[in-house]
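Coordinate analysis (summary)
This is what each chain is made of:
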Amino acid sequence: MAELAYRSLVYAHLLLFVLWLGGDVGVFVLGQHFRKRHAYSLDQRLALLTLLVAVDMGPRTAWALMVPLSLSLAIGGGWIDLPGWLVLAAWIVGLGWLWLVWDSHLHDQTPRAARNRWIEGWIKLTITAFYLGLGTVSLVTGSPIAIPWLAWKALLFGMIFVAAMLIDRAFKPVGPQLGRLIAQGSSDETEIPLRRTMDRTRIFVLMVYALLFVTAWLGVVKPS
């Protein structure tokens, strides 16, 4: 029964990875087409942007659930010894984070969504510090994670959080810039600043892709 539970966790972990990376690729492709101001009308580009936001909910869902699932998987496989209360707390935080993500999406552009995202920001910062600290301390001292590849995976997972938060930060000017584009129409004055913001954001998007590939490789290959 324990073996079945562990393999089920592995399967769920794989599904979340596919949802995260696959959804991110969809977001990237839609963003690329949105940038083609001469190939699509403004209305078509705004429709692509609406689809981008919807597709992005897949990776955001996977991101929230990956935290408690990863800890459960590491404990279930005997890779790390953590107290049960910490795993329970991780699931409470992960599910609460997931609720904030979807509630913000369903109530976008409202004070409620702004409040949710403020709370979500502090959750991300806390989890980032946890994983960066866990990975670094384990690599230096060999505890609480004694296995180097898993310690590296924890550290890189924390770096994924850093890169993902930098995406949100870099993307922040898009709202006002997009508002000017809609109000004033497509021109160099409205398009070029928006394009620059999206170009800066792509740097951190590619960083997330690279880190996801490396962490997945570590989890599958488990190099000694």
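Quantities reported herein were computed from a predicted structural model and do not represent experimental measurements. (Residues numbered from 1 in each chain as written. Predicted model: local features only at pLDDT ≥ 70, side-chain atom pairs only at ≥ 80, totals over all residues. Heavy atoms only, no water.)

**Describing the overall build of the protein**
- Each helix and strand counted, the protein has seven helices and zero strands in total.
- Going from N to C terminus, the protein has its helices and strands arranged as α-α-α-α-α-α-α.
- Once the C-alpha set of the protein is aligned to its principal axes, its extents read approximately 60 × 35 × 30 Å.
- Split into buried and exposed, the 224 residues of the protein put 41% on the buried side.
- As presented, the protein carries roughly 12,200 Å² of accessible surface, and 71% of it is formed by carbon and sulfur atoms.
- Mean positive and mean negative side-chain charge positions of the protein (19 and 13 charges, respectively) differ by 3 Å. (Helix = DSSP H or I, 4+ residues; strand = E, 2+ residues; numbered from the N terminus. Buried < 20%, exposed > 50% of the residue type's maximum accessible area, 1.4 Å probe, protein only. Areas by Shrake-Rupley, 256 points an atom, 1.4 Å probe, with all protein chains shown as cover. Lys, Arg positive; Asp, Glu negative; His and termini not counted. Charge placed at Lys NZ, Arg CZ, Asp CG, Glu CD.)

**Re the side chain of S104**
- Position of S104 relative to the elements: it lies in helix α3 (residues 84–106).
- Those residues in contact with S104 that sit more than four places away from it in its chain are A113, N116 and R117. (Contact = heavy atoms within 4.5 Å.)

**Concerning the nonpolar core**
- Counting residues in each nonpolar core, the largest one holds 42 residues, and the members touching the most others are W20, W97 and F157.
- Mapped onto this core, the elements with two or more residues apiece are α1 (2–34), α2 (42–76), α3, α4 (111–141), α5 (148–171) and α7 (188–221).
- Broken down by element, the residue count for this core peaks at eleven residues, all from α5.
- With residues up to four places along the chain from it excluded, the contact list for W20 reads P59, A62, W63, M66, F157, I160, V208 and L212.
- Among the nonpolar cores identified, the runner-up in size contains eleven residues, and L30, F34, L49 and L194 belong to it. (Core = buried A, V, L, I, M, F, W, Y, C linked by side-chain atoms within 4.5 Å.)

**Looking at the packing of α1 against α7**
- Orientation of α1 relative to α7, taken along the N-to-C sense of each, is 155°, at an axis distance of 11 Å. Taken together, the axis directions place α1 and α7 in an arrangement best described as roughly antiparallel. The element α1 and its partner α7 pack so that their crossing is left-handed. Of the residues in α7, those touching α1 at F17, W20, L21, D24, V25, F28, G31, Q32 and F34 are L194, M198, R202, V205, L206, V208, Y209, L212, F213 and A216.
- A class-by-class count of the residues in the contact of α1 with α7 yields 15 nonpolar, two polar and two charged. (Axes fitted to C-alpha atoms, helices over the stretch in contact; angles between N-to-C directions. Parallel < 35°, antiparallel > 145°, perpendicular 65-115°, else oblique. Left-handed = near helix turned anticlockwise from the far one by under 90°. Nonpolar A, V, L, I, M, F, W, Y, C, P; charged D, E, K, R; others polar.)

**What about the layout of surface pockets?**
- Its boundaries defined by the atoms lining it, the largest pocket holds a volume of some 1,900 Å³.
- In terms of residue count, the dominant contributor to the lining of the largest pocket is α2 (ten residues).
- Residue composition of the lining of the largest pocket, by class: 27 nonpolar, eleven polar and twelve charged.
- Along its surface, the second largest pocket is lined by 28 residues, and H13, S70, L73, K153 and G219 are the ones closest to its centre.
- Within the residue set of the lining of the second largest pocket, elements represented by two or more residues are α1, α2, α4, α5 and α7.
- Split by residue class, the lining of the second largest pocket holds 22 nonpolar, four polar and two charged. (1 Å grid on protein atoms, 1.4 Å probe; cavity = no way out; pocket = protein on both sides within 12 Å on 5 of 7 lines; lining within 4 Å. Points joined across faces, edges and corners; volume = space filled by probe spheres on them.)

**Side note on the confidence of the model for the protein**
- Confidence along the protein averages 91 in pLDDT terms, with 100% of residues attaining 70 or more.
- Highest mean pLDDT in the protein belongs to α4 (94); lowest belongs to helix α6 (residues 174–184) (88). (pLDDT = per-residue confidence, 0-100.)

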